[in-house]
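Residues per chain are reported as follows:
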Amino acid sequence: QVQLVESGGGLVQAGGSLRLSCAASGGTFSTYVMGWFRQAPGKEREFVAAIRQNGAVTYSYYANSVRGRFTISRGNANLVYLRMNSLKPEDTAVYYCTAADNSREMKTPETYKYWGQGTQVTVSS
């Protein structure tokens, strides 16, 4: 049974940093696209970042709103991180870890087969 478990969320002041972690179990995710999405109250779920491996090359993708502030990385095949710097109140949301077995339409939630339960990130002004 595949599980994705997020951790690392919390309350932080604007300008602060957090690191989210996602631990995947129930399979080997080295060939999967691993992503992060977020959803704020009253808003649709939106793409944040994704990472995929092609041989020895790692590719990462970011939403325009977080590029330059957030960094996605992999600890190993089943561990993914999202480092968030210079946080803003508009980054407040529930953050979800996701996994997809294909790299088509990586910014679309429907692409992703597995989802975690989410972790709350709150940025105070």
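K.L.:
Provide a residue-level description of the environment of glutamine 53, including the pertinent values.
P.N.:
Mapped onto the secondary structure, glutamine 53 falls in strand β5 (residues 46-54). Sequence separation between glutamine 53 and serine 7 is 46 residues, and the spatial gap between their C-alpha atoms is 23 Å. In terms of polar contacts, glutamine 53 uses its side chain to reach the side chain of threonine 58, at 2.8 Å.

K.L.:
Please provide a residue-by-residue account of the state of the cysteines, values included.
P.N.:
Per the counting criterion, the structure on display carries one disulfide. Shown here is the disulfide that connects cysteine 22 with cysteine 97, its sulfur atoms set 2.0 Å apart. The sign of the -80° torsion about the S-S bond sets the cysteine 22-cysteine 97 disulfide as left-handed. With cysteine 22 in strand β3 (residues 18-25) and cysteine 97 in strand β9 (residues 93-100), the pair connects residues that are 75 residues apart, well separated along the chain. Taking relative accessible area as the criterion, cysteine 97 reaches 0% and is therefore assigned buried.

K.L.:
Would you mind going over the sheet that holds β3 in detail, with residue names and values included?
P.N.:
Reading across the sheet, the four strands line up as β1-β3-β8-β7 and stay open at both edges, with antiparallel pairing between neighbours. With one partner strand each, in any of the chains shown, β1 (3-7) and β7 (70-76) form the two edges of the open sheet. Geometrically, the sheet is characterised by an average inter-axis angle of 20° between neighbouring strands, direction not taken into account. In this sheet, strand β8 (residues 79-84) lies alongside β7 in antiparallel orientation, the contact comprising six bridges. Among the inter-strand pairings, phenylalanine 70 is bridged to a residue of β8, identified as methionine 84.

K.L.:
Please give an account of the nonpolar core that cites residues and values.
P.N.:
Core analysis: the largest hydrophobic core is formed by 36 residues, its most contacted members being Met34, Trp36, Leu82, Met84 and Tyr95. Mapped onto this core, the elements with two or more residues apiece are β3, β4 (33-39), β5, β7, β8, β9 and β11 (119-124).

K.L.:
Could you give an account of the pairing of β8, naming the residues involved and the relevant values?
P.N.:
Of the pairings in the sheet, the one linking β3 to β8 comprises six bridges and is antiparallel in character. Residue pairing for β8: leucine 18 is matched across the bridge by methionine 84. The antiparallel hairpin formed by β7 and β8 contains two residues in its connecting segment.

Conventions and cut-offs
Residues numbered from 1 in each chain as written. Predicted model: local features only at pLDDT ≥ 70, side-chain atom pairs only at ≥ 80, totals over all residues. Heavy atoms only, no water. Helix = DSSP H or I, 4+ residues; strand = E, 2+ residues; numbered from the N terminus. Polar contact = N/O pair within 3.5 Å; in protein donor to acceptor, adjacent residues only side chain to side chain. Disulfide = S-S within 2.5 Å. Buried < 20%, exposed > 50% of the residue type's maximum accessible area, 1.4 Å probe, protein only. Pairing = 2+ DSSP bridges. Axes fitted to C-alpha atoms, helices over the stretch in contact; angles between N-to-C directions. Core = buried A, V, L, I, M, F, W, Y, C linked by side-chain atoms within 4.5 Å.

Purely spatial values, then, with no claim about function.
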